[in-house]
Amino acid sequence: RPWLEAAVKRVCRDLNAQEVSNVVWGYATLGWDLEPQMWGALEAATARVGQDMSPQAVSNVLWGYATLGHAPGGEARMALEAAVARLGPAHMNSQDLANTMWAYVTLEIEPLQDTRAALEAAVVRLGARMTAQDVANAVWAFSMLLHRVP
C-alpha cells in the first residue's frame, strides 16, 4: 500500500478530472484511511480539475470523500460546488444526483445556494424518469439538508 500512495502523490499534479475521480473512488472503495499529506494532494488535484469534471466524476469524488469521512476543504470544496452548480440542472442523471446528495448529507455539508438550486433543478428535470428508490432518496436527502438540526 505505501508504494501505491507514493505513486499517487508523485503523479497527483498530472491527474486529469477522470483520473482524480478514479483515485478518490478507488480509495473509498478500498476503505483506506488516507494520511493528511495524501488528502492535501488529492484536494489540490480536485481544485485544479474541478471545472473539467463530468457529472459522474463530480458525484464519484463527492461519494468518495463522504465514504472516507473527509469533507473537502477550501478550493477543492469550491471547485466541487461550482461543478455541481454547472452540471446538475442539465447533465446529472439520477445516480449522479443521488450520490451527490448523499455525500452532502453524509458529510454534513450545507450546499451553497447555487449548488442547492442546481440539485433542486436536477430533481425537477429528472422527476418523471426517477424510480421509486430515486424519489425516496431525493426526498430523504432534501429533508436532511433542509431540516438539519444544528
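Structure: see above.
A few points on the structure. Remember, predicted model here, so these are calculated numbers, not experimental data.

Criteria and cut-off values
Residues numbered from 1 in each chain as written. Predicted model: local features only at pLDDT ≥ 70, side-chain atom pairs only at ≥ 80, totals over all residues. Heavy atoms only, no water. Helix = DSSP H or I, 4+ residues; strand = E, 2+ residues; numbered from the N terminus. Expected span 1.5 Å × (residues − 1). Buried < 20%, exposed > 50% of the residue type's maximum accessible area, 1.4 Å probe, protein only. Arc of directions from axis to C-beta. Salt bridge = Lys/Arg side-chain N within 4 Å of Asp/Glu carboxyl O. Core = buried A, V, L, I, M, F, W, Y, C linked by side-chain atoms within 4.5 Å. Phe/Tyr/Trp six-rings, centres within 6.5 Å; stacked < 30°, edge-to-face > 60°.

End to end, helix α7 (residues 113–126) covers 20 Å across 14 residues, agreeing with the expected 20 Å (1.5 Å per residue, within 8%). Listing the buried residues of α7 in full gives Thr115, Arg116, Ala118, Leu119, Ala122, Val123 and Leu126. With its buried residues spanning 160 degrees around the axis, α7 presents them on a single face. Residues of α7 that are exposed and angled more than 90 degrees away from the buried face: Gln113, Asp114 and Val124.

Pairing between side chains of opposite charge can happen when their charged atoms approach one another. Under the counting rule described, the total for this entry stands at 2 salt bridges. As a salt-bridge pair, Arg77 and Glu81 come within 3.0 Å of each other at their nearest N and O atoms. A residue pair is termed a helical-turn pair when its members lie 3 or 4 positions apart in one helix, as Arg77 and Glu81 do in helix α5 (residues 74–91) at 4 residues. Given a relative accessible area of 21%, Arg77 falls into the partly exposed group.

Moving on to the environment of Ala7. Looking at where Ala7 falls in the secondary structure, it is placed in helix α1 (residues 2–11). For the pair Ala7 and Ala71, spaced 64 residues apart in sequence, the C-alpha separation works out to 23 Å.

The next thing to look at is the nonpolar core. Formed by 46 residues in total, the largest nonpolar core has its most connected members in Val20, Tyr27, Leu42, Met53, Val58, Leu97 and Met101. Within the residue set of this core, elements represented by two or more residues are α2 (17–30), α3 (36–49), α4 (55–67), α5, α6 (94–107), α7 and α8 (132–146).

So, on to the packing of aromatic side chains. Going through the model one piece at a time under the given rule, you end up with 3 aromatic pairs. Both rings, one in Tyr27 and one in Trp32, keep their centres 5.9 Å apart while their planes meet at 45 degrees; by these two values the pair is tilted. Tyr27 sits in the buried class, given a relative accessible area of 4%. Between Trp39 and Tyr65 the ring centres are 5.1 Å apart and the planes differ by 50 degrees, which places this aromatic pair in the tilted class. Separated by 26 residues along the polypeptide, Trp39 in helix α3 and Tyr65 in helix α4 bring together distant segments of the chain. The burial state of Trp39 is the same as that of Tyr65; both residues are buried.

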